[in-house]
Amino acid sequence: MPVLEVWKAKQTIVMKRSLRVGYAGVDNPLFFEPNNAMYLGDAKKSVEALIELLRATKQSNSAAASLKDQKDDGLITDADQLDIEHQPHAETLQPVDKFLAEIPQLQKDAFLTLGILNETNHQEKRVSIVPAGIKRLLQKGMIALVETGAGTGAGFLDSAYEEVGAKIVPNAKAVYEMADVMFKVSEPKKSEVKKVYSGKTLITFVSPRTASGKELMDTAAEAGINLLAVDAIPRISRAQSLDVLSSQAKIAGYRSVIEAMNVYQRFLNGEVTAAGKFDACKVLVIGAGVAGLAAIGTAANMGAIVRAFDTRLETKEQVESMGGEFLVLNFDNEEGGDAAGYAKTMSKEFYEKEMKMFQEQAKECQIIITTAAIPGKPAPKLILKDAVECMQPGSVIVDLAGATGGNCELTRAGEVYVHNQVTIIGLTDLISRMSWQASSMYSNNMANLMELLCPISASETDQKMNLNMDDKIIRGMTVVKDGIITWPPPEEVTKIAAVARPKQSSSKTATKEKFTDDKTARYGGSHTKETSFLSKRVMDLTTIGELVLAACAAVFFGIVAKYAHYYFVNMLLYFMLSGILGYYLISNVEPALFSPLMSTSNSLSGVVILGGMLMASLPLGSVSQVLGSIAISVAAINVFGGFAVSYRMLLMFRAEEMVTN
């Protein structure tokens, strides 16, 4: 290939994505020539940007030349030229947000006043609603009063709130007096609940299943207010956008891996370098809820080998989808989840086997993250002292249940300390350590909640907040209404498990008495499947079934080669090629519908329709033409039916009831 002597040019520009050498590993001498310039970035985008700059420069030069010509001709004076040169160009004017001009009118038309309170817990840095949420709610007719400094801990200054139409008030007293609905993040004190005026609403964490939560409900009932517990929202599909527990737990799970890595002194992923080979870190996550799944995904993305355990067997697929390996303890007639989707207390026998498994895993894993919690009860003790002492030196335990007693027997709430060369992290403010992110997600939950509580009526003048107790979400989270305690809600409100899973046979659920080094025993193999004759391997190369299949294929093609007509062989070849082409075509279809199976089925029917259209073009009334028409009709039913089913599935996630004809 001829070499272009570009270095002889007056000026050269080399475009590269980075300063790395090419595949040959040789530095390009052109890079070091004095007449060369480096322009890093994508070549196509870089060329387009340079062309735009050249065009802008050309237009600017043309305008300057035109101005000079007009001055020479006496059409403009020096003063006119000075004014023209100082006028801002239309291209440099920044677009103005129309919302800013609408703020005064939106504030005037607001039908509801919201109050954003400062958190009294010194460890709590989150704020209930961020400026973006204030803007969204103001557009919906709700004005906000923000206690000064409420968002400072999360990185949101008072000025940011004022820019989106919020009003800053000097203290909490002003919020309690003027706001109709007040928001907090952390569980309030009884003294704070007493400050809320009768008939007003407080939305916050309550922990209604605990003794402290019941005291708050009693205090709220005495004050005659409405108390909505964000941690009591039913875990149903329609409530996912309001689920504060999930949004905040995701942050806790993510942060737990970061805190562990801050202490852990090795690679999380495996490394093979000139300086040596280092194995990947093994991480055990106990509890596969939202926090556990977030920890699994984060650790797996960083290259660790992740194992996970949960008493709810339905979480197995979720763990595997996040890149983890699920550990199973199968027990007859015992399930780990209740009707509301939470973990429940297990039997003594299950607990003993669980402890034995954790002790075995502690010997192999360098990082253990525990997230197990039972609503309204102390956290179960899952990692005992002897398991901690089995861990390798330098290992780390992150206990996300530290606030409720901890899953580790040695956890100290709010502390980080070392026991037997194992660091135990029992911090209770992991979420607040990511206060900007946590506040933003909590704010979105609250904005979605207010849109549910304040539906837009037929006439906008009649819009108001409505605690509709017929709505499952509102009924589930309203623990006190008009001074009357409404907790607990009816079972049908919180129940999500409609039908219990069928029990497996005892042969498949029998618990192994020992945990051996066998991978099947450690990763859920309580039942060994007997291998069939055809699945046995020959010389560790192939199976007997594959050999039989190859022999049958050889016999078939031998018969075809000897006796088949030329036209049959030709059609067989077309059939085989079309089968291969169809397989790769269908298997690479993107699952755009509600399930991969439906997407694949629709794409297959689409191919059938194309074939049917070709056959339908044959002479009218022929057998091929009739069969092609039938194929088009049947396949079209499947295609349009797939889209119709997907549309109906999407309707299930909408809050309003859809009336169909």
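The structure under discussion appears in the preceding block.
From a predicted model like this one, the values you see are computed outputs, not experimental measurements. (Residues numbered from 1 in each chain as written. Predicted model: local features only at pLDDT ≥ 70, side-chain atom pairs only at ≥ 80, totals over all residues. Heavy atoms only, no water.)

Q: Tell me about the packing of helix 9 (residues 244-263) against helix 10 (residues 290-301), residues and numbers included.
A: Helix 10 packs onto helix 9 with a crossing angle of 40 degrees between their chain directions and a minimal axis gap of 7 Å. Put simply, helix 9 runs oblique to helix 10. Every pair of crossing elements has a handedness; the one defined by helix 9 and helix 10 is right-handed. Contacts between helix 9 and helix 10 involve Ser246, Ala249, Lys250, Gly253, Tyr254, Ser256 and Val257 from the former and Val290, Ala291, Ala294, Ala295, Thr298 and Ala299 from the latter. Tallied by class, residues from the contact of helix 9 with helix 10 come to eight nonpolar, four polar and one charged. (Axes fitted to C-alpha atoms, helices over the stretch in contact; angles between N-to-C directions. Helix = DSSP H or I, 4+ residues; strand = E, 2+ residues; numbered from the N terminus. Parallel < 35°, antiparallel > 145°, perpendicular 65-115°, else oblique. Left-handed = near helix turned anticlockwise from the far one by under 90°. Contact = heavy atoms within 4.5 Å. Nonpolar A, V, L, I, M, F, W, Y, C, P; charged D, E, K, R; others polar.)

Q: Describe in detail the environment of Gly476, supporting the description with residues and values.
A: Along the chain, Gly476 falls in helix 15 (residues 472-477). When its relative accessible area of 0% is taken as the criterion, Gly476 is described as buried. Note: C-alpha distance between Gly476 and Pro488 (twelve residues apart in sequence) is 7.9 Å. (Buried < 20%, exposed > 50% of the residue type's maximum accessible area, 1.4 Å probe, protein only.)

Q: So what's going on with the pairing of strand 17 (residues 422-425)? Which residues, and what values?
A: Within a regular strand, side chains alternate between the sheet's two faces. Here strand 17 shows two buried faces, one formed by Val422 and Ile424 and the other by Thr423 and Ile425. Pairing between strand 15 (residues 396-399) and strand 17: three bridges, direction parallel. Opposite Ile397, over in strand 17, you have Ile424 as the bridge partner. In terms of strand pairing, strand 16 (residues 416-419) meets strand 17 through four bridges, oriented antiparallel. Looking at the pairing, Val416 lines up with Ile425 of strand 17. (Pairing = 2+ DSSP bridges.)

Q: So what about the nonpolar core? Which residues, and what values?
A: If you look at the biggest cluster of nonpolar residues, it comprises 46 residues, and the most contacted ones within it are Phe183, Ile203, Met446, Met450 and Leu453. Ranked by residue count, the leading element in this core is helix 14 (residues 435-453), at seven residues. If near-sequence neighbours (up to four positions away) are discounted, Met446 is found in contact with Ser128, Ile129, Phe183, Ile203, Val230 and Val244. Ranked by size, the runner-up nonpolar core spans 25 residues in total, among them Val285, Val319, Phe326 and Ile367. (Core = buried A, V, L, I, M, F, W, Y, C linked by side-chain atoms within 4.5 Å.)

That's the geometry; what it means functionally is another story.
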